[in-house]
Structure formats: C-alpha cells, structure tokens
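What the coordinates show
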Amino acid sequence: MKKKIYNSKVSYIQEKSPKAFQTVEKNYYPRTRKATQISQITSTTKSRRRRRRPSQSQKLSLKLLSLPWRKWIIEWIGITLLFGGSSLMAVGAWLSVKLISDPNAMVLFNQILPQWTQFYISGNKSLKTLEQIKSNIKEEGFSSGKTFSLPNKTTDSSSDLLVPVMKQIESRASLPCETPCREVVELRVYQSVLSVNQREGSKPYFRLVNKLPLEGPAESFVIESTIESASALLGSNQPLPITTVRQFQGKVPASGVWFTVSGQRLQNNKAIPYGQIINYNPTRNYLSSMLEWKSAAGQAPIWQEMTGGEDPELVIEQTVGLDPDFDIYWIQPRKFILNPIELEKISLDETPIGDAYYRDALGLARNGLWSPAFPLIEPLRKNFINKSKWSKKAQAQFDLIKFHANITEAQAIASWASPSQKVLAGLIDGRWQQSLDVFENNLSSNYDIAKLLQNDTGRLRKRVDATIKVNREEMNAIAWGTLIVASQKGRKRAMSWLNKQPSTSKQAKEKIEKLLDQLDAAFAKEENIYKNQIQR
C-alpha cells in the first residue's frame, strides 16, 4: 500500500518538475565513494562543534537570563526610571514656579550649590552692601545699631551680619539709657552672597534671610522680682524697651551664636536688668528668642559650668539680701528643625528618684534650706545601687543644691558686724541651735533680732515649717517659729502655735517661754526709750 502511494507521488512530481524529481530520486540511490567522504567530513565538523562547550561565565549569564525573576527586574528598572523622570520634571516645574514668583530664590539656590559650581548673579535688587543696608533702614524711619559678624555656612566668602534696627524713644527717669535714647525693635540677619559686580577686595554683598521683631517683657514681670517692694503690684502690662544688644563671649554652648538683648528699670533706686536670650542657628539662618529674663540682683546673665555636661549652663541671679537664689537653665533637645534646642530651667518640682530621703531633700531645698538638704541627697548618689536610674535630671538637681549650699554655708561661717546679721545668715542656712546661742548671749542686740523677725516676709517662716515637716522633734526650729509668731502677732498667738506642735516636751516649752520673755523684754525696753525721747 505504501509503495503504491509513493509511486503515485513520484509520478506526480515528475510531471510537475523533472529536476526536483531527479533530486528526490538521488536520495534512494546507494551512496558512492564521494558521498561517503562528504559524510565523513560533515560528521567530523559536527564533532568539533560538540567539543566547543561554553565557559562558566557564559553558563552563568545564560542561567541568569533564563531565571523567572528576570522579567521582574526589568519591570522595576522601568518603573524606577519612570518615577525618577517624573520627579525630575516635578522638581523642575517647582523650581520654575519658585523663580517666577520669587526671583530671590535664585540666590538661595546658588548658595546650595558646591562652590566650584556657583554662578554670579547680576541685576538682583535684594543684594546690597552694608552701606546700602544702613541707608535703606534710615529710609524706613529707623537707625541701625552695632552690627555683629555671624558664621557663614554656605560659602567661604565674607561673614554674615546681624543688624539691630532701632528707633528713637522718649527718655524716662525710670528707664535709664544712652543719649539719644533708642529702642531695638528688630534684629535682621543678612547673608553674604556672590555678585557679578563684586571684585577682589571690593565690598561684599548681602541679602536679607531672617528677621526677629523684639519686644521687652511686661513691666509687672520685671518689678515683681523686688520681693520686699510694697509697690511690686503697681506695674503695668506694657512692654519695657530693649536698648542694648550684646553677644556672649568666652565659654558658650556650641549650638549656634548666643546674644542677650536687655534694658534696665529703676525700682527703689535700684536698677533691675531685664531682656531676652537670643540664639542664631547658622545652619538654617534662623534667629529665635529662647526666654525672657530679669535679675533681682541686678546682674546680667552668664554662662557657667554647673552640671558637668558638654555645654555650660545659663545662670541668672535673683538673690535678694542674704538669701541666695539662682535660676539655672540647661540646653535640652526638641523637635524643631529650624532650632532643635531649648533652654529648660533646672527645677526642684519634679522628683526623679522615688526615695523618701530624696523627697525630704527636695522639700528642704525648695524652701531655701540648701545646706540641710545636701547631707540628705549626697549619700544617695554615692550609694545608689542602680547607677543607670540616677538620671541626668537627678544629677542636675544635685548640682543645683550643692551650688546654693556652698553659698549659704560660706555666709553662715563668715564674720558679721552685728549679731542680727549673724542670726539672719544662720537662719537662712538652717543653723537653728547656733542662732539661738547668739540670741541668748547678746541681750543688747535682742531688739535688732526681734525687729528682724517682725519684718520677715515669709522667707524665715517657710524654713521653719519645712524643717518641722521633715523632723518634728527639731525643738530649736520650733523655738524660732514661736519667736517669729510672737514678734508679729503677740505672745498669746505664739503659745497657741507652740501647743499645736506635736512631740514638744514640757522641758522644751519651758525653755521657749524663757526665750519669749527675753523677746518681750527687748520690745519693752525699746518702747520705753522711744517714749522718753518723745517726752523730751
């Protein structure tokens, strides 16, 4: 059957194409010697091709190309290029709009570029020399104060500038200032930039990058620091003028450039300085007010090493009389890009250590008993089992207590001209027994001591109450509490207060009554002297 089919195909091919028939027909003829040679050559060539195997790198590349995630890589490369191109177009569009709406943005863009790629900018009206800046301020109706150099973080050209803007005000007796009296209303930061008009050795050009309006603290805030002033509540809420700008020198925190702007207010013939602490962040060209301050002691703020940290602390003295009082601020981080730091006051209100002795120490220190507080807190730090729980805040409170304790102790052991001053220094330091000895052994000075107690505005009484709260059996402190009440409200009220004190023995009450007799005698003697003077 197959042979018949084949014969029919051959006859068909022969009719249509005789040459093709001859070619097909040759395949069925037996091989000749020449055909055998050609077959051997062909097989030899194929064997050689089989011996040429691919190298390892070629196999690896072929394997990688054949992996299933090849398509995934190609797709992600395409997506990345697409988004990259879109982002580039968006940035270009934003930059174009920014330059159209704010031509000065070109100056900022130029400062961001590396120095070797920066280009000169011509025809920009925002670029001015220092003389032109002062002239423009004068045209605005103000005057410029002393300029300060600021670090330039963008270029190696001239330093940036801080220019105070001032206006003339009327002088007042309560607000001393130089003549003519001028008030600082604004601080302006000018950045040094390159300009096509600038030649080597020529005057530098600047552009305005930041400004900070200034306003002094309220008058009531300033004069309330005079604790013993009867008119402390008469101050208004009107802001006091800022008249001076000063840059801190010496050891200051490394975070930026620090300034204080200040003025003075006369109260009871005493000058009370006030103002603000200003910080400049050169990385962001940002100027910010860190805090308002005043000093009842009449001293300007200083930077001083207090806690042993990397940066010094800001110290503002508020001391009135012999009662030391220092506000201490340390630098703390915060989440704010333009100025990531703040000044935080070291406070005794928080209790970072949950120990009873630590709480007692803070209670005494809050009421001015620094020396009695220090022996309570010092052993805790030395014997603290878990050192990691002794936080930085606890260490800062420890340093604050130690700093004040050194001052009160030095005052207590100093030589004083009068027994009343000796008693005052001892009471401020919590030296109850020594102060009683001075009172008992100096009868001639008893009236001065009695008047000291009578004029107490609460700083001595609060020390007595704090001591009794920690130690109810401190009879010497109870004795001074009784004398204070007697000098201000009479003996009857004093005995009523004494009887309310627990753990007071009969022997202690008898001793306190003798002290009251001594106090009454001092008042009576002075009253007789006064009556005799009137009769004369």
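I will try to describe carefully the structure that is included in this document. (Residues numbered from 1 in each chain as written. Predicted model: local features only at pLDDT ≥ 70, side-chain atom pairs only at ≥ 80, totals over all residues. Heavy atoms only, no water.)

1. Some thoughts on the overall build of the protein
Across its full length, the protein carries 18 helices and 13 strands. Counting only residues that meet the buried cut, the protein has 38% of its 536 residues in that class. In the protein, 53% of the contacts between residues at least 6 apart in sequence involve partners at least 24 apart. With an accessible surface of roughly 32,800 Å², the protein has 53% of that area assigned to carbon and sulfur atoms. (Helix = DSSP H or I, 4+ residues; strand = E, 2+ residues; numbered from the N terminus. Buried < 20%, exposed > 50% of the residue type's maximum accessible area, 1.4 Å probe, protein only. Contact = heavy atoms within 4.5 Å. Areas by Shrake-Rupley, 256 points an atom, 1.4 Å probe, with all protein chains shown as cover.)

2. Brief notes about the packing of helix 10 (residues 370-382) against helix 11 (residues 392-412)
Between helix 10 and helix 11, the shortest axis-to-axis distance is 9 Å and the interhelical angle comes to 140°. Considered as vectors, helix 10 and helix 11 are oriented oblique to each other. When you trace helix 10 past helix 11, the crossing you get is left-handed. Facing helix 10, whose interface residues are Trp370, Ser371, Ala373, Phe374, Ile377, Glu378 and Arg381, helix 11 presents Gln395, Phe398, Leu400, Ile401, Lys402, His404, Ala405, Thr408 and Glu409. (Axes fitted to C-alpha atoms, helices over the stretch in contact; angles between N-to-C directions. Parallel < 35°, antiparallel > 145°, perpendicular 65-115°, else oblique. Left-handed = near helix turned anticlockwise from the far one by under 90°.)

3. Comments concerning helix 13 (residues 432-441)
Within helix 13, the full set of buried residues consists of Trp432, Ser435, Leu436, Val438 and Phe439. Looking down the long axis of helix 13, one finds its buried residues gathered within 160° of arc, a one-sided arrangement. (Arc of directions from axis to C-beta.)

4. Description of the sheet that holds strand 10 (residues 302-304)
If you trace the four strands from one edge of the open sheet to the other, you get 10-11-12-13, paired in antiparallel fashion. Every other strand in the sheet has two partners, leaving strand 10 and strand 13 (341-345) as the edge strands with one partner each. The sheet shows a mean angle of 35° between the axes of neighbouring strands, direction not considered. As defined by bridge partners, strand 12 (residues 326-333) adjoins strand 13 across five bridges and the pair is classed as antiparallel. Among the inter-strand pairings, Tyr329 is bridged to a residue of strand 13, identified as Lys345. Contacts from helix 11 reach strand 10, strand 12 and strand 13 within the one sheet, and its direction differs from that of strand 12 by about 160°. (Pairing = 2+ DSSP bridges.)

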